[in-house]
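For reference, the chains in residue letters:
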Amino acid sequence: GVSHVLTLVLQELSLLCKTDVNGVGMLYDLLRSQWLQALLKIYECLQHYLGKRPVPVTLQARALNREVIDLLREGPPSGEIKELRRLLRAPHFKAALLSAHDTVAQKDFEPTLPPLPDNIPENEEAMRIVCLVKNNQPLGATIKRHEITGDITVARVIHGGLADRSGLLYAGDKLVEVNGVPVEGLEPEQVINIL
């Protein structure tokens, strides 16, 4: 993928970097930067997700069910057809399963982020929105209160943990909000409970 191509480019640039012809050293440093590596990881994860995202075959399973029942009614009577018609007409199948399918199939579950405001000052520091799904596993990072500013920051990222594998959190990152809850003024222990 993209990371493999970047690795090959970095190998080529490392040979040219020794002579620093036309700013190759600066380009080499840029391509090795942590933020670009994290951005590429996110891009590859999104591409992988888009390729494997399940798509419903039909948005109207209940209508298709009615159509199948009508077709079965026209066919020659047999024990199997009667059994299938009985199953397809059962309330738990029609009302619960097919209705739930149609409801889910017609919704868009893609995450949406609010738009950035148009009037961000030039000297405003950049902010990243990070989404990590834990699934009963530890985050793999510790937090602390900054001694001078009082901000809640990432103290360290544990190698091999979820935060490390994601490439999205770094030691020194300031936490502003966790799961929609602002963390300003909270104690690190309170933030850990939210995490």
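Residues numbered from 1 in each chain as written. Predicted model: local features only at pLDDT ≥ 70, side-chain atom pairs only at ≥ 80, totals over all residues. Heavy atoms only, no water.

Q: Looking at this structure, I do not really get the overall build of the chain. What am I missing?
A: Within the chain, the regular secondary structure consists of eight helices and four strands. Along the chain, helices (α) and strands (β) appear in the sequence α-α-α-α-α-α-β-β-α-β-β-α when read from the amino end. Out of the 195 residues belonging to the chain, those deemed buried represent 22%. Partitioning the contacts of the chain with sequence separation of at least 6, the portion at a separation of at least 24 is 44%. Just so you have it, the chain exposes about 15,200 Å², and 59% of that area is on carbon and sulfur atoms. (Helix = DSSP H or I, 4+ residues; strand = E, 2+ residues; numbered from the N terminus. Buried < 20%, exposed > 50% of the residue type's maximum accessible area, 1.4 Å probe, protein only. Contact = heavy atoms within 4.5 Å. Areas by Shrake-Rupley, 256 points an atom, 1.4 Å probe, with all protein chains shown as cover.)

Q: How should the packing of helix H4 (residues 61-74) against helix H5 (residues 79-89) be read in this particular structure?
A: Helices that pack against each other are described as a pair by the angle of their axes relative to one another and the distance between those axes. At their nearest, the axes of H4 and H5 sit 10 Å apart, and the two run at 155° to each other. Here H5 runs roughly antiparallel to H4, going by the angle between their axes. Considering how the two elements wind past one another, H4 and H5 form a crossing that is left-handed. Contact residues: H4 offers Asn 65, Val 68, Ile 69, Leu 72 and Arg 73, while H5 offers Ile 81, Leu 84, Arg 85, Leu 88 and Arg 89. Taken together, the residues of the contact of H4 with H5 break down into six nonpolar, one polar and three charged. (Axes fitted to C-alpha atoms, helices over the stretch in contact; angles between N-to-C directions. Parallel < 35°, antiparallel > 145°, perpendicular 65-115°, else oblique. Left-handed = near helix turned anticlockwise from the far one by under 90°. Nonpolar A, V, L, I, M, F, W, Y, C, P; charged D, E, K, R; others polar.)

Q: Help me understand a positive patch on the surface in this model?
A: A contiguous patch of positive charge, built from Arg 62, Arg 66, Arg 89 and Lys 94, is present on the exposed surface. Here Arg 89 shows up in helix H5. For Arg 89, a relative accessible area of 43% translates into the label partly exposed. (Patch = residues over 30% accessible without salt bridge, like charges linked within 9 Å, V, L, I, M, F, W, Y side chains within 5 Å. Salt bridge = Lys/Arg side-chain N within 4 Å of Asp/Glu carboxyl O. Lys, Arg positive; Asp, Glu negative; His and termini not counted. Charge placed at Lys NZ, Arg CZ, Asp CG, Glu CD.)

Q: Even after reading the chapter, I still don't get H4, so can you show me in this structure?
A: Every α-helical turn comprises 3.6 residues, leaving residues that sit three or four positions apart pointing alike. Between the first and last C-alpha of H4 there are 20 Å, a value that for 14 residues agrees with the 20 Å anticipated at 1.5 Å per step. Regarding H4, the residues found buried are Ala 61, Asn 65, Ile 69 and Leu 72. Projected down its long axis, H4 shows its buried positions confined to an angular sector of 85°, all on one face. Summarising the geometry of H4, the exposed residues directed more than 90 degrees from the buried face are Leu 71 and Glu 74. (Expected span 1.5 Å × (residues − 1). Arc of directions from axis to C-beta.)

Q: Looking at this structure, I do not really get H5. What am I missing?
A: Along H5, the positions that sit buried rather than exposed are Ile 81, Arg 85 and Leu 88. Each buried residue of H5 sits inside an arc of 65° when the element is viewed along its axis, so together they form one side. Facing away from the buried side of H5 by over 90 degrees, the exposed positions are Gly 79, Glu 80 and Lys 82.

Q: In this structure, what is going on with the nonpolar core? I would like to understand it.
A: Note that soluble globular proteins tend to have their nonpolar side chains buried in a common cluster. Counting residues in each nonpolar core, the largest one holds twelve residues, listed as Leu 139, Ile 143, Ile 152, Val 154, Leu 162, Ala 163, Leu 169, Leu 175, Val 178, Val 183, Leu 186 and Val 191. Secondary structure elements with two or more residues in this core: strand S2 (152-157) and helix H7 (162-166). The residues contacting Leu 162, other than those within four sequence positions of it, are Leu 132, Val 133, Lys 134, Gln 137, Pro 138, Leu 139 and Gly 140. (Core = buried A, V, L, I, M, F, W, Y, C linked by side-chain atoms within 4.5 Å.)

Q: Could you clarify how one ought to interpret the pairing of strand S1 (residues 141-145) in this entry?
A: Strand residues, when the strand is regular, have side chains that alternate between the two faces of the sheet. Bridge count between S1 and S2: five bridges; the pairing is antiparallel. Paired with Ile 143 across the two strands is Val 154, which belongs to S2. Between S1 and S2, which pair antiparallel one after the other, the connecting turn spans six residues, and Gly 150 there sits at a positive phi close to 80°. (Pairing = 2+ DSSP bridges.)

Q: Explain a nonpolar patch on the surface here, please?
A: A cluster of nonpolar residues, Leu 27, Leu 30, Trp 35, Leu 39, Ile 42 and Leu 46, forms a patch on the protein surface that exposes about 560 Å² of accessible area. Elements with a minimum of two residues in the nonpolar patch: helix H2 (24-32) and helix H3 (34-52). Considering every element that reaches the nonpolar patch, the biggest residue donor is H3, with four residues. With respect to the helices and strands, Trp 35 occurs in helix H3.

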